[in-house]
Amino acid sequence: MDIVLWVIQVILAVKCLTTALSHGLQPGKEVMRQSIARFGAGARSLHLAAAILLLCASLFLLLPAIVRPLGGLLPYVAGLTAVLMLVSIPLHVKSREDPKLFAGLILLALAVFTVYGRLVLAPF
């Protein structure tokens, strides 16, 4: 079970990192500009906050593999990731013409399973 949880954590970390980079470093892309315009004035600061939180989440989902004592943080980081995914769903619905909710729901489920797995099935 530990290996399954690490695979899920790597998937979540990679997705969090790519999302952090796209939301934080590429606000000038046409799709992002349209979403920002549709969402309103606070969208840019919200993108930056999400990018910073997702970058931290991606690091702390993998860091316990290197620094063993940080393993106790994994359920909390996975919980934060689940909350971020849960919050992102209505935000994406509001800001996109054609929101892709399936990916967000899958990532939410993976994050919730990681919380459960690290608290109950295979504590670090």
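Only a predicted model underlies this, so the values are computations on that prediction, with no experimental measurement involved.

A. Here's a closer look at the overall build of the protein. Counting secondary structure elements, the protein contains 5 helices and 0 strands. Going from N to C terminus, the protein has its helices and strands arranged as α-α-α-α-α. When the 124 residues of the protein are sorted by exposure, 35% land in the buried category. Sequence-distant contacts in the protein: of pairs separated by 6 or more residues, those separated by 24 or more amount to 67%. Summed over all atoms, the accessible surface of the protein reaches about 7,200 Å², with 76% contributed by carbon and sulfur.

B. A look at the nonpolar core. If you look at the biggest cluster of nonpolar residues, it comprises 17 residues, and the most contacted ones within it are L12, L54, L61, M85 and L108. Beyond its immediate stretch of four places on either side in the chain, L12 contacts L61, T81, L107, L110, A111 and T114.

C. Broad picture of helix α5 (residues 101-121). Across its 21 residues, α5 extends 28 Å between first and last C-alpha, which sits within 8% of the 30 Å expected from 1.5 Å per residue. Burial in α5 covers these residues: G104, L107, L108, A111, T114, V115, G117 and R118.

D. How the structure looks around a nonpolar patch on the surface. A cluster of nonpolar side chains, namely L17, L21, L55, L59, F60, L73 and Y76, defines an oily patch on the protein surface of about 640 Å² accessible area. Elements that contribute at least two residues to the nonpolar patch include exactly α1 (2-25) and α3 (43-62). On the secondary structure map, L59 appears in helix α3.

Conventions used here
- Residues numbered from 1 in each chain as written.
- Predicted model: local features only at pLDDT ≥ 70, side-chain atom pairs only at ≥ 80, totals over all residues.
- Heavy atoms only, no water.
- Helix = DSSP H or I, 4+ residues; strand = E, 2+ residues; numbered from the N terminus.
- Buried < 20%, exposed > 50% of the residue type's maximum accessible area, 1.4 Å probe, protein only.
- Contact = heavy atoms within 4.5 Å.
- Areas by Shrake-Rupley, 256 points an atom, 1.4 Å probe, with all protein chains shown as cover.
- Core = buried A, V, L, I, M, F, W, Y, C linked by side-chain atoms within 4.5 Å.
- Expected span 1.5 Å × (residues − 1).
- Patch = residues over 30% accessible without salt bridge, like charges linked within 9 Å, V, L, I, M, F, W, Y side chains within 5 Å.
- Salt bridge = Lys/Arg side-chain N within 4 Å of Asp/Glu carboxyl O.

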